[in-house]
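# Residue-level structural notes
Read off the chains here:
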Amino acid sequence: RHDNGQRMYRAPMTAVRPVRLNRRAGLTAGASLVGLSTPGTAFAVGEPASMNRQDHAPGTAPPHHPGSQVASRLRDLADARGIRIGAAVASRPLVAEPAYGDVLAREFSSVTCENVMKPGFLQPSPGRFDFQAADAIVAFATAHAMTIRGHTLAWHNQNPPWLERVAASGENAGAALRDHITGVLTHYRNDGPVPVPAWDVVNEAITDTGALRDTLWARALGPGYLADLFRWANEADPDARLFYNDYGAEGMGRKADAVYELLRGLVQDGVPVHGVGLQMHVGIGARQSPSRPDLAANIARLRALGLEVHVTEMDVKLQTGTGTDDERLAEQAQVYADILGTCIEAGVTSFTFWGFTDAHSWIPGFTGKPDGALPFDTTYAPKPAYHALTRVLAGG
Ligand code: 9MR
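Throughout this description, residue numbers start from 1 for each chain and increase along the sequence as written. Note on the predicted model: pLDDT of at least 70 is required for a residue's local features to be given, and 80 or more for side-chain atom pairs to be given and counted; whole-chain, interface and lining totals, by contrast, use all residues. Hydrogens and waters are ignored; side-chain quantities use all the structure's heavy atoms.

### Side note on the overall build of the protein chain
Condition: Only runs of H or I of at least four residues qualify as helices and only runs of E of at least two qualify as strands under DSSP, and these elements are numbered from the N terminus. For every residue, the accessible area obtained with a 1.4 Å probe (protein chains only) is divided by the maximum for its type, and the residue is called buried under 20%, exposed over 50%, and partly exposed between those limits. Any pair of residues with heavy atoms lying within 4.5 Å of one another is described as a contacting pair. Values of accessible area rely on a 1.4 Å probe in the Shrake-Rupley scheme; residue burial ignores everything except the protein chains shown.
Along the protein chain, the regular secondary structure elements total 14 helices and eleven strands. Counting across all 396 residues of the protein chain, residues that qualify as buried make up 55%. Across the protein chain, contacts joining residues at least 24 apart in sequence account for 78% of those joining residues at least 6 apart. Accessible area of the protein chain: about 15900 Å², with a carbon and sulfur share of 53%.

### Description of unusual backbone geometry
The omega angle of the peptide bond from H151 to T152 is 0 degrees, so this bond is cis rather than trans. Its place among the elements puts T152 in strand 5 (residues 147–154). In this structure, M280 is a non-glycine residue whose phi angle is positive, near 70 degrees. Secondary-structure assignment places M280 in the loop between strand 8 (275–278) and strand 9 (281–283).

### Thoughts on the pattern of salt bridges
Going by this rule: Whenever a carboxyl oxygen of Asp or Glu lies within 4 Å of a side-chain nitrogen of Lys or Arg, that contact is scored as a salt bridge.
Tallied over the entire structure, the rule returns 16 salt bridges. Residue E107 pairs with R106 through a salt bridge whose shortest N-O separation is 2.7 Å. Take E107 and R106: they sit in the same class, and that class is buried. A salt bridge links K255 to D246; the shortest N-O distance between them is 3.1 Å. On the accessibility criterion, K255 (4% relative accessible area) is buried. Connected via shared salt-bridge partners are D208, D246 and K255.

### Regarding the site of the ligand
The condition is simple: In these notes, residues near a molecule or strand are those with any non-hydrogen atom within 4 Å of it. For this analysis, a polar contact is any N or O atom pair within 3.5 Å, provided that within protein one partner can donate a hydrogen and the other can accept it, and provided that sequence-adjacent residues contribute only side-chain to side-chain pairs. Note that Gly is not counted as nonpolar here; it falls among the polar residues with everything else outside the nonpolar set of Ala, Val, Leu, Ile, Met, Phe, Trp, Tyr, Cys and Pro and the charged set of Asp, Glu, Lys and Arg.
Near the ligand you find 16 residues, and of these E114, K118, H151, E204 and E313 are the closest. Between N115 and the ligand, the recorded distance is 3.1 Å, taken from a side-chain N or O atom to an oxygen atom. Here an oxygen atom of the ligand and a side-chain polar atom of K118 are 2.7 Å apart. Notes on the ligand: free accessible area 460 Å², of which the protein chains cover 88%. Taken together, the residues of the shell around the ligand sort by class into three nonpolar, eight polar and five charged.

### Points about the packing of helix 10 (residues 254–268) against helix 11 (residues 292–304)
The cut-off we apply is this: In this analysis an axis means a line fitted to C-alpha atoms, helices contributing only their contacting stretch, and an angle means the value between N-to-C directions, from 0 to 180 degrees. Comment on the angle field: the value is read as roughly parallel under 35 degrees, roughly antiparallel over 145, roughly perpendicular from 65 to 115, and oblique elsewhere.
Running from N to C, helix 10 and helix 11 cross one another at 10 degrees; their axes reach a closest spacing of 10 Å. With respect to helix 11, the element helix 10 is oriented roughly parallel. Where helix 10 abuts helix 11, its residues A256, D257, Y260 and L263 lie against N298, R301 and L302. Of the residues in the contact of helix 10 with helix 11, the class split is four nonpolar, one polar and two charged.

### Details of the nonpolar core
Keep this limit in mind: What makes a nonpolar core is a set of buried Ala, Val, Leu, Ile, Met, Phe, Trp, Tyr and Cys residues whose side-chain atoms join them at distances within 4.5 Å.
Counting residues in hydrophobic clusters, the biggest one holds 110 residues, and the most contacted among them are W199 and M314. Ranked by the residues each element gives to this core, the list is headed by helix 12 (residues 325–346), at nine residues. Among all residues touching M314, those that are not within four sequence positions of it are Q279, M280, V282, V335, Y336, I339, F351, T352, F353, W354 and L374.

### Section: the environment of L226
Mapped onto the elements, L226 comes out in helix 9 (residues 225–236). What makes L226 buried here is its relative accessible area of 3%. For L226, the residues in contact, after removing those within four places along its chain, are V202, A205, L212 and L262.

### Some thoughts on the side chain of H180
With respect to the element layout, H180 can be found in helix 7 (residues 173–187). Accessibility expressed as a relative area gives 1% for H180, which makes it buried. Setting aside chain neighbours within four positions, we find H180 in contact with P119, L122, Q123, F129 and L153.

### Structural notes on the packing of helix 7 against helix 9
A pair of packed helices is captured by two measures, namely the crossing angle of their axes and the spacing between those axes. Heads up, the condition is: When the near helix sits turned anticlockwise from the far one by under a right angle, the crossing is termed left-handed; a clockwise turn instead gives a right-handed crossing.
Viewed as axis vectors pointing N to C, helix 7 and helix 9 meet at an angle of 35 degrees, and their least axial separation amounts to 9 Å. The two elements helix 7 and helix 9 meet at a crossing, and its hand is right-handed. Seen from helix 7, the contacting residues are G174, L177, R178, I181, T182 and L185; seen from helix 9, they are L229, W232, A233, E235 and A236. Broken down by class, the residue content of the contact of helix 7 with helix 9 amounts to seven nonpolar, two polar and two charged.

### A word on the packing of aromatic side chains
This is how it is decided: Ring geometry is summarised as follows: Phe, Tyr and Trp rings, the Trp one being its six-membered ring, pair when their centres sit within 6.5 Å, and such pairs are stacked at plane angles under 30 degrees, edge-to-face over 60 and tilted between the two. Lysine and arginine charges are scored as sitting over a ring when NZ or CZ, respectively, is within 6 Å of the ring centre and within 35 degrees of the ring normal.
Applying the stated criterion to the full structure yields twelve aromatic pairs. When the centroid spacing of 6.2 Å and the interplanar angle of 75 degrees are considered together, the rings of F108 and F353 count as edge-to-face. Separated by 245 residues along the polypeptide, F108 in the loop between helix 3 (98–107) and strand 4 (110–113) and F353 in strand 11 (residues 350–353) bring together distant segments of the chain. In this structure F353 comes out as buried when scored by relative accessible area, which is 0%. Plain terms: the ring middles of F351 and F353 are 5.6 Å apart, the flat faces sit at 70 degrees to each other, and that makes the pair edge-to-face. Looking at F351, the relative accessible area reads 0%, which means it is buried. When the ring centre of F243 is taken as reference, the NZ or CZ atom of R149 above it lies at 4.9 Å. Taking NZ or CZ as reference, K255 lies 3.6 Å from the ring centre of Y247, over its face.

Right under this line is the structure:
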């Protein structure tokens, strides 16, 4: 089933109201940030009227949001360390909640579209590309001097039904995927008007036990398919930095070994792969996150292949731990700090969270339990994790 990936924002139709668009974000009236809404209208779902976006003129101070004031921004501290600090961005709150865009622009120097650059959004029917929602996020990023990580060209989830059918038929599957990659990277070419410097070309192609995952693309194109995808991407935009992205391959272990071997083979064969994304969906509690030595060793061997290493989707679940709320938040802060510190020492160049506020996180929808896995709480106030991250970035 094609999942539009916005399940957690759905609310009864009675709660749907139009909201004003954010001029500061570089959006034009009529742009739709919401994949499912009628072009020409953007909707906020289930927000109180007071959350409607209040525009303010460029160059003036953003409106005050309770609890959101901080001493030093993550992005300034990260700049000084030579690392990008990023967040995955959802389209709806960027339009509907003033604090969302304000904190995003204030704290982060990189954005990833949480959903809208996936094939189901970018090519909903054969040959008809729809870049509107993705370009709105790119425009926001550009307006705030942030870089963009493109995510993702090939995956086994969030494909449009027509592409799934083509892949299943086996006929013209390679041509369809190649056309998709070429269409997307041509739009986002680095010598064009909407450059996207880095792409997750392939997402999650290895299983938890280290085998090649049996996906629609592996079935249609055969076991050597990954090399072709990187070559097609490189042909479409020779300046794009091309990444392999996966979860559960951060520390040492069977899956990390398999990802390493895959990349070693690609590099050896001269395939244009430039980096690896370690997703870093981890948690508090025993064995819920990689140890510092394991993480450092894995990053070191990947870098020894000549690859750039990014952390691409970090969050730290609280539900995997025990203790009082304060104890769990302190443990979460320690996990964030340990991993960021290890990554900086090991030469990671970009560090992205999968969201940034607990108001919008995939974790509760996925696990069926409330959580709080991100550095800002639901009111956009910085949590202990945020302060721990700033201390690590400041070198303390
Ligand atoms: O956060 C995304 C969520 O909104 C979507 O429903 C989901 C669909 O599978 O994808 C989530 O993002 C995933 C990312 O694209 C790849 N790594 C795992 C992320 C969390 O599931």
